[in-house]
Each structure stands twice: as C-alpha cells, then as structure tokens.
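Read off the chains here:
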Amino acid sequence: KNFYLYSFNTAKIRQLLEKWSHYQAFDINQVLQQIVYFFYQLQIPVTPMAITLFIGVLIRDKAHKSINNEAYLIENYLETILEKLSPADRKMQMDFRDKESFLSHIAYQIYLKKKWEFSRIEFETEKLQYFQDFDEELPPSYIFDDFFRKGILQEIDGKVSFKFKF
C-alpha cells in the first residue's frame, strides 16, 4: 500500500503556528512570512516535518541558544538536496557523504582565506587538490555541475560561492 505525504500550504502553516502560539508568544504573521520566504528561496519541500523543524528554530528561546536545531535543519536540507536516499547514489562515484565532505572542504577553505568566494580557477584548483590529497581520481564534471544546478553553489562573474550563507 502506498502512502503519500502532502505538502503544507500557507493556511496549514498558519494553523500550526496558531496552535504553537498557545505555548510560546511570537508574531504569527512574521514567522509565517519567514517560513514562506525561506522555503521558497531554499526550495525545500514544505512537509510537516520540515515546517516543524523550521518553527522550532525560528521561535526558539534566544537566551538558550542551541546549535543542534540549526545543524539538524541544515543537515536535513543537505540530505534532501544531495539526494542521500537516492538509489542512484549507490552507483555514483560520489555518494552523499563524499559530496558532503567535498562541500565542507570548500567551505572550510573559503573560511580560512577569509574570502566568501573563489575565482573559478581557485575553485577548480581546490577541487583537484582535494581529490589528489585522498589519492582519488577526479569524478566526472556533471557531479560538480549538480552543485550549481541545485543551487548549493553559484557562479557570478567568474566567482564561485555558496548560494546561501547560514
């Protein structure tokens, strides 16, 4: 038997926020606007679980900062966009963990250089160096093209950067 998880619409999100507001005070309209904006920009599926995670992050008690929610949210987003559970991943040269590791390396190198972007040549050099350091062959270019196509990385005027700064 097949089960389907339907997306939430704005009315359902508002309904969930109204129920949540009984336990913690916050501006429902402001949070609703943030959710709609983030989900549209990040192109995250508007599932009940994703909405609940996002609400938890947006209205958490700021005095008790916890990076666990934010880290989980980002990890969940990456798993979705990198298609962690895709059956095709088993046949690919780079599985989810390899992609995640490569992107982490690029983010760390950008951080170390205190620049928030690489020139295309710097990006290609880092990519080659990363695989040489692990004594592995460079995967086909379409794998890296997916990072740009899916909106994880962007190239503007010959500069490569992460599309979203978390």
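Residues numbered from 1 in each chain as written. Predicted model: local features only at pLDDT ≥ 70, side-chain atom pairs only at ≥ 80, totals over all residues. Heavy atoms only, no water.

Another aspect to go through is the overall build of the chain. Broken down by element type, the chain carries 7 helices and 3 strands. Starting at the N terminus and ending at the C terminus, the chain contains elements arranged as α-α-α-α-α-β-α-α-β-β. The 166 residues of the chain split such that 35% are buried. Intrachain contacts of the chain at a sequence separation of at least 6 include 47% that bridge at least 24 residues. When the accessible surface of the chain is split by element, carbon and sulfur atoms take 54% of a total near 11,500 Å². (Helix = DSSP H or I, 4+ residues; strand = E, 2+ residues; numbered from the N terminus. Buried < 20%, exposed > 50% of the residue type's maximum accessible area, 1.4 Å probe, protein only. Contact = heavy atoms within 4.5 Å. Areas by Shrake-Rupley, 256 points an atom, 1.4 Å probe, with all protein chains shown as cover.)

A regular strand carries its side chains on alternate faces of the sheet. For strand S1 (residues 118–119) and strand S3 (residues 159–162), the ladder comprises 2 bridges, and the chain directions are antiparallel. What sits directly across from Phe-118, in S3, is Val-160. (Pairing = 2+ DSSP bridges.)

Right, let's talk about the nonpolar core for a bit. Of all hydrophobic cores here, the largest spans 17 residues; its most connected members are Phe-102, Leu-103, Ile-106, Phe-123, Phe-147, Leu-153 and Phe-162. Breaking this core down by element, the ones donating at least two residues are helix H5 (96–113), helix H6 (120–133), helix H7 (141–149) and S3. Core analysis: the next-biggest nonpolar cluster, separate from the first, contains 16 residues, Ile-28, Val-31, Leu-32 and Ala-50 among them. (Core = buried A, V, L, I, M, F, W, Y, C linked by side-chain atoms within 4.5 Å.)

What follows concerns the pattern of salt bridges. Throughout the structure, instances matching the rule amount to 6 salt bridges. Glu-124 serves as the salt-bridge partner of Arg-120, at 3.1 Å between the closest nitrogen and oxygen. With Arg-120 and Glu-124 both in helix H6, this residue pair falls 4 residues apart, about one helical turn. Residue class for Glu-124 comes out partly exposed when judged on its relative accessible area of 24%. Between Lys-127 and Glu-124 there is a salt bridge, with the nearest N and O atoms lying 2.9 Å from each other. (Salt bridge = Lys/Arg side-chain N within 4 Å of Asp/Glu carboxyl O.)

All right, on to H5 then. Across its 18 residues, H5 extends 26 Å between first and last C-alpha, which sits within 8% of the 26 Å expected from 1.5 Å per residue. Among the residues of H5, Phe-96, Lys-99, Glu-100, Phe-102, Leu-103, His-105, Ile-106, Gln-109 and Ile-110 are the ones counted as buried. Count one or two residues on from H5 and you reach Lys-114, which has phi positive near 55 degrees. (Expected span 1.5 Å × (residues − 1).)

Residues at a pLDDT of 70 or more form 76% of the chain, whose mean pLDDT is 79. Considering each helix and strand of the chain separately, the mean pLDDT is smallest for helix H4 (residues 67–81), with a value of 61, and largest for H6, with 93. (pLDDT = per-residue confidence, 0-100.)

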